[in-house]
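Below, each chain spelled out in residue letters.
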Amino acid sequence: MANVVVVGAQWGDEGKGKIVDWLSERADVIARFQGGHNAGHTLVISGKVYKLNALPSGVVRGGKLSVIGNGVVLDPWHLVKEIASIREQGVEITPETLMIAENTPLIMPYHGELDRAREAQATGSKAKIGTTGRGIGPCYEDKVGRRVIRVADLADAATLELRVERALVHHNALRAGLGLEPIDTDALLAQLKEIAPEILQYAAPVWKVMNEARRAGKRILFEGAQGSLLDIDFGTYPFVTSSNVIAGQAATGVGLGPNAIDFVLGIVKAYTTRVGEGPFPTELHDADGERLGTRGHEFGTVTGRKRRCGWFDAALVRQTCAISGINGIALTKLDVLDGFDTLKICVGYDLDGKRLDYLPTAADQQARCVPVYEEIEGWQESTEGARSWAELPAAAIKYVRRIEELIQCPVALLSTSPERDDTILVTDPFAD
Ligand code: GDP
Ligand code: IMO
Ligand code: MG
């Protein structure tokens, strides 16, 4: 028995959805432990495309238990719509196959409004973060501020009224300052009472279910969202998301002990992308960057924004491998690099004439860091759809091996197209 945590090791969109879907064949339980519907995970199965935001990617496989843990922030209206659209694609979702932790915070319409109002008003020192506008940050603020409404509160009208009252004292004051209308309490309560049964049918003491699953020897796959460089503590703050996204969060985010984790798989794109604002040392503003974006179809799943693209940054990935205790990586989108004459890998930074092997924390220093590159020969052959090492050109293998050396972590899986089965297994993360 082994339990596996999947985390993004860059700025998100590394291909977590594809890898989680692929691995979930080997798992019994697939659990989201942080983030919300800011995530956009794309699965391609025999040409059919599934786009998931709040639901765990394992939901597409029949006979598995999908779990939304307490570390997640959940927009109930979005979830109901997402369930309906995934059902339309022929996926079965029932209270037996989907469970939501009773202590999960709920994203309210006012969280999204606040998120978007702040972004719209951001200038100068209040610089835009480039959020997804889905209320993620404001909901996490309310959770820590002890004024969030949680799944279990939906079950009792008197509790719900108290919770809403407490939240609105805060939000109406804030809204007045931002020039937003006060919230209509009765209308909000009516909306909540209407959606309550839809959500409550999936509500469960997830901590208990997870501990029982563990004791029964079930295999648990933890599905991370976002990427380590968007982590609230270790990311490029303040241009980050509002949750801990690193592997340490997996246990807290569902109610298991940290000893439940046996293997941490970092998902790593063979180059780098970022959507939203913030530092990005290896970003390209030239034809190579355009080529990565076009070949990689680098457009955000959630907002449709063009993703910024750049060379592989081994210094950053070495750093995120350390922070999450990554045992092995799944290297994705290698095929996007087909046809380059030369590739570059960032191996460290030059900061005011001094060589650094990590990205410093201070924003001014980050801005002055100049990437130090190593050049590596590209390949002209196609790697798209390769399902074994033997199908890869020697130069591509050399590129992968060099990445392993630089990040000090082995490749466990290699992905060569969006399709589920175009995946090379090197080490099974679930193996004992
Ligand atoms: P996630 O947020 O980490 O789940 O990643 P996204 O789904 O937002 O973005 C990754 C995109 O790359 C999706 O459109 C995937 O279908 C696609 N993808 C995943 N792995 C590969 C791969 O190996 N090669 C190519 N070309 N595309 C891939
Ligand atoms: P997946 O799971 C890429 C980014 C946003 C913004 C910042 C804060 O698909 O990898 P938020 O709405 O979370 O407050 O936005 O974080 N961001 C992501 N970038 N992939 C994601 O998820 C992201 N989720 C949030 O673009 O820069
Ligand atoms: Mg994504």
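The structure presented is a predicted model; accordingly, all values stated were derived computationally and were not measured. (Residues numbered from 1 in each chain as written. Chains lettered and ligands numbered in written order. Predicted model: local features only at pLDDT ≥ 70, side-chain atom pairs only at ≥ 80, totals over all residues. Heavy atoms only, no water.)

1. Quick word on the side chain of Asp-115
Okay, so step 1: Secondary-structure assignment places Asp-115 in helix H3 (residues 109-121).
Okay, so step 2: Although buried, Asp-115 forms no salt bridge, and the nearest oppositely charged side chain, Arg-118, lies 6.3 Å from it.
Okay, so step 3: Apart from residues lying up to four places away in sequence, Asp-115 is in contact with Thr-131, Gly-133, Arg-134, Gly-135, Ile-136 and Pro-138. (Helix = DSSP H or I, 4+ residues; strand = E, 2+ residues; numbered from the N terminus. Buried < 20%, exposed > 50% of the residue type's maximum accessible area, 1.4 Å probe, protein only. Lys, Arg positive; Asp, Glu negative; His and termini not counted. Salt bridge = Lys/Arg side-chain N within 4 Å of Asp/Glu carboxyl O. Contact = heavy atoms within 4.5 Å.)

2. What about the nonpolar core?
Okay, so step 1: By size, the foremost hydrophobic cluster in this structure holds 59 residues, and its most contacted members are Met-210, Leu-331, Leu-334 and Tyr-399.
Okay, so step 2: In terms of residue count, helix H12 (residues 394-407) provides more of this core than any other element does, 7 residues in total.
Okay, so step 3: Per-domain counts for this core show at least three residues from each of domain 1 (4-104 + 203-263) and domain 3 (268-425).
Okay, so step 4: If we ignore the near neighbours within four places in the chain, the residues touching Tyr-399 are Ala-270, Phe-312, Leu-334, Leu-337, Leu-343, Ile-345, Ile-376 and Trp-379.
Okay, so step 5: Counting 36 residues, the second largest nonpolar core, distinct from the first, contains Leu-55, Ile-93, Val-151 and Leu-168. (Core = buried A, V, L, I, M, F, W, Y, C linked by side-chain atoms within 4.5 Å. Domains from an automatic or database assignment.)

3. Some points on the UniProt feature "active site" (unreviewed entry) in the chain
Okay, so step 1: Taken from the UniProt record, the annotation "active site" (unreviewed entry) applies to Asp-13, His-41 and Lys-143. For the annotated residues, spread through 131 residues, the largest C-alpha to C-alpha distance comes to 25.8 Å, inconsistent with a single compact locus. Lining the largest pocket, out of the annotated residues just given, are Asp-13 and His-41.
Okay, so step 2: Looking at where His-41 falls in the secondary structure, it is placed in strand S3 (residues 41-45).
Okay, so step 3: Discounting residues that sit within four places of it in the chain, His-41 has contacts with Lys-16, Gly-17, Tyr-50, Lys-51, Leu-52, Ser-57, Glu-223, Gly-224 and Ala-225.
Okay, so step 4: Discounting chain neighbours no more than four positions away, the residues touching Lys-143 are Asn-70, Gly-71, Pro-105 and Val-148. (UniProt positions renumbered as here; feature names shortened; annotations may be inferred. 1 Å grid on protein atoms, 1.4 Å probe; cavity = no way out; pocket = protein on both sides within 12 Å on 5 of 7 lines; lining within 4 Å.)

4. A closer look at the pattern of salt bridges
Okay, so step 1: Under the definition given, this model contains 22 salt bridges.
Okay, so step 2: Here Lys-193 and Glu-161 are joined by a salt bridge, their closest N and O atoms 3.5 Å apart. One end of the pair, Lys-193, is in helix H6 (residues 185-200); the other, Glu-161, is in helix H5 (residues 157-178), with 32 residues separating them in the sequence.
Okay, so step 3: Under the relative-accessibility criterion, Lys-193 is labelled partly exposed at 40%.
Okay, so step 4: Overall, Glu-161 belongs to the partly exposed group, its relative accessible area being 37%.
Okay, so step 5: Three or more residues are tied together by salt bridges with common partners; here these are Asp-13, Lys-269, Glu-298, Arg-307 and Lys-333.

5. Here we look at the coordination of the magnesium ion (ligand 3)
Okay, so step 1: For the magnesium ion (ligand 3), every protein donor is listed as Asp-13 (OD) and Gly-40 (O), and the spread of their distances is 2.0 to 2.2 Å. Here Asp-13, found in the loop between strand S1 (4-8) and helix H1 (16-24), pairs with Gly-40, found in the loop between strand S2 (29-32) and S3; they are 27 residues apart in sequence, far enough to count as distant.
Okay, so step 2: A relative accessible area of 12% places Gly-40 in the buried class. (Donors = N, O, S within 2.8 Å, 3.2 Å for Na, K, Ca; no water.)

6. Examining the layout of surface pockets
Okay, so step 1: Here the largest pocket defines a volume of roughly 960 Å³.
Okay, so step 2: In terms of lining residues, the largest pocket is bounded by 46 residues, among which Ile-129, Gly-130, Thr-131, Val-240 and Thr-241 are the most central.
Okay, so step 3: Elements with a contribution of two residues or more to the lining of the largest pocket: H3 and helix H4 (136-144).
Okay, so step 4: The dominant element in the lining of the largest pocket, judged by the number of residues it contributes, is H4, at 6 residues.
Okay, so step 5: Of the residues assigned to the lining of the largest pocket, the class counts are 18 nonpolar, 17 polar and 11 charged. (Points joined across faces, edges and corners; volume = space filled by probe spheres on them. Nonpolar A, V, L, I, M, F, W, Y, C, P; charged D, E, K, R; others polar.)

7. Overview of the environment of Lys-344
Okay, so step 1: Mapped onto the elements of the fold, Lys-344 is located in strand S14 (residues 342-351).
Okay, so step 2: Between the C-alpha atom of Lys-344 and that of Gly-112, which follows or precedes it by 232 residues, the distance is 39 Å.
Okay, so step 3: Beyond its immediate stretch of four places on either side in the chain, Lys-344 contacts Trp-311, Phe-312, Tyr-373, Glu-374 and Glu-375.

8. Notes on the site of ligand 2
Okay, so step 1: Close to ligand 2 lie 20 residues; Asp-13, Lys-16, His-41, Thr-132 and Thr-241 are nearest.
Okay, so step 2: Compared with its free state, where it exposes 550 Å², ligand 2 has 98% of that area covered by protein.
Okay, so step 3: The cavity where ligand 2 resides is the largest pocket. (Near = heavy atom within 4 Å. Areas by Shrake-Rupley, 256 points an atom, 1.4 Å probe, with all protein chains shown as cover. Sits in = over half its atoms within 2 Å of the grid points.)

9. What about the site of ligand 1?
Okay, so step 1: The full set close to ligand 1 counts 18 residues, and Lys-16, Gly-17, Gly-40, Asp-335 and Ser-415 are the nearest of them.
Okay, so step 2: Within the backbone of Lys-16, one N or O atom sits 2.7 Å away from an oxygen atom of ligand 1.
Okay, so step 3: Contacts to ligand 1 include Asp-335, whose side-chain N or O atom sits 2.7 Å from a nitrogen atom.
Okay, so step 4: The protein chains hide 92% of the 580 Å² of surface that ligand 1 would expose on its own.
Okay, so step 5: Counting only elements with at least two residues in the shell around ligand 1, the list comes to H1 and S3.
Okay, so step 6: Its residues placed into classes, the shell around ligand 1 shows 2 nonpolar, 9 polar and 7 charged.
Okay, so step 7: For the shell around ligand 1, the domains that each give at least three residues are domain 1 (4-104 + 203-263) and domain 3 (268-425). (Polar contact = N/O pair within 3.5 Å; in protein donor to acceptor, adjacent residues only side chain to side chain.)

10. Concerning the sheet that holds strand S8 (residues 220-223)
Okay, so step 1: In space, the 10 strands of this open sheet follow the order S7-S6-S5-S2-S8-S1-S9-S13-S17-S18, with mixed pairing throughout. Strands at the two margins of the open sheet, each flanked by one partner only, are strand S7 (203-204) and strand S18 (423-425).
Okay, so step 2: As defined by bridge partners, strand S5 (residues 65-68) adjoins strand S6 (residues 98-101) across 3 bridges and the pair is classed as parallel. Residue pairing across strands places Ile-68 opposite Ile-100, the latter belonging to S6. (Pairing = 2+ DSSP bridges.)

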